[in-house]
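Analysis of the macromolecular model
This is what each chain is made of:
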Amino acid sequence: TALCAGGSVTLNASTGQNLTYQWRRDGQNIAGANGTSYIATQSGSYTVEVRQGNGCSATSGAVGVSVVEPKVNGISGTTEFCTGSS
């Protein structure tokens, strides 16, 4: 998933009763990210570990997020315009 700088993408986990969630970016736990969804604003490889009350757990496949910086093309040199043109 690609997004523009300053944008975000919402990642969602499957829901159910007696489940807990831990979101990770590049294999590292994201502090406070323990809901059924996570709003990603940084590039990285995101996964979520879903744990049942009985101690069983599973980790999702990774979702890649890329933040894309816009390209800025500049104008250089001398430019002249006639009245009424652009």
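Thresholds applied
Residues numbered from 1 in each chain as written. Predicted model: local features only at pLDDT ≥ 70, side-chain atom pairs only at ≥ 80, totals over all residues. Heavy atoms only, no water. Phe/Tyr/Trp six-rings, centres within 6.5 Å; stacked < 30°, edge-to-face > 60°. Helix = DSSP H or I, 4+ residues; strand = E, 2+ residues; numbered from the N terminus. Buried < 20%, exposed > 50% of the residue type's maximum accessible area, 1.4 Å probe, protein only. Salt bridge = Lys/Arg side-chain N within 4 Å of Asp/Glu carboxyl O. Core = buried A, V, L, I, M, F, W, Y, C linked by side-chain atoms within 4.5 Å. Contact = heavy atoms within 4.5 Å. Polar contact = N/O pair within 3.5 Å; in protein donor to acceptor, adjacent residues only side chain to side chain.

Examining the packing of aromatic side chains
- Under the definition given, this model contains 2 aromatic pairs.
- Grouped by ring-pair contacts, the aromatic residues Trp 23, Tyr 38 and Tyr 46 constitute a single cluster.

Overview of the environment of Gly 27
- Checked against the element boundaries, Gly 27 lands in the loop between β3 (19-25) and β4 (28-29).
- Note on Gly 27: relative accessible area 53%, which makes it exposed.
- Spatially, the C-alpha atom of Gly 27 lies 9.6 Å from that of Ala 62, the residues being 35 residues apart in sequence.

Structural notes on the pattern of salt bridges
- If you walk through the whole model with that rule in mind, you get 3 salt bridges.
- Residue Glu 49 pairs with Arg 24 through a salt bridge whose shortest N-O separation is 3.1 Å. Residue Glu 49 is found in strand β6 (residues 44-52), and its partner Arg 24 is found in strand β3; the two are separated by 25 residues along the sequence. Each member of the pair, Glu 49 together with Arg 24, is buried.
- With a closest N to O distance of 3.8 Å, Arg 25 and Asp 26 form a salt bridge.
- For Arg 25, a relative accessible area of 28% translates into the label partly exposed.

Quick word on the environment of Gln 17
- Summarising the element assignment, Gln 17 is placed in the loop between β2 (9-12) and β3.
- On the basis of relative accessible area, Gln 17 is assigned to the exposed category, the value being 74%.
- Gln 17 sits 36 residues away from Gly 53 along the chain, and the two C-alpha atoms are 8.9 Å apart.

A word on the nonpolar core
- Leu 3, Val 9, Leu 11, Ala 13, Tyr 21, Trp 23, Ile 30, Ala 33, Ala 40, Tyr 46, Val 48 and Val 65 together form the largest nonpolar core, which totals 12 residues.
- Breaking this core down by element, the ones donating at least two residues are β2, β3 and β6.
- Apart from the residues within four sequence positions on either side, Ile 30 is in contact with Gln 22, Trp 23, Arg 24, Arg 25, Tyr 38 and Tyr 46.

Describing the side chain of Glu 49
- Classification of Glu 49 by relative accessible area gives buried; the value is 13%.
- A polar atom in the side chain of Glu 49 sits 2.9 Å from the side chain of Arg 51.
- Apart from residues lying up to four places away in sequence, Glu 49 is in contact with Thr 20, Tyr 21, Gln 22, Arg 24, Ser 57, Ala 58 and Thr 59.

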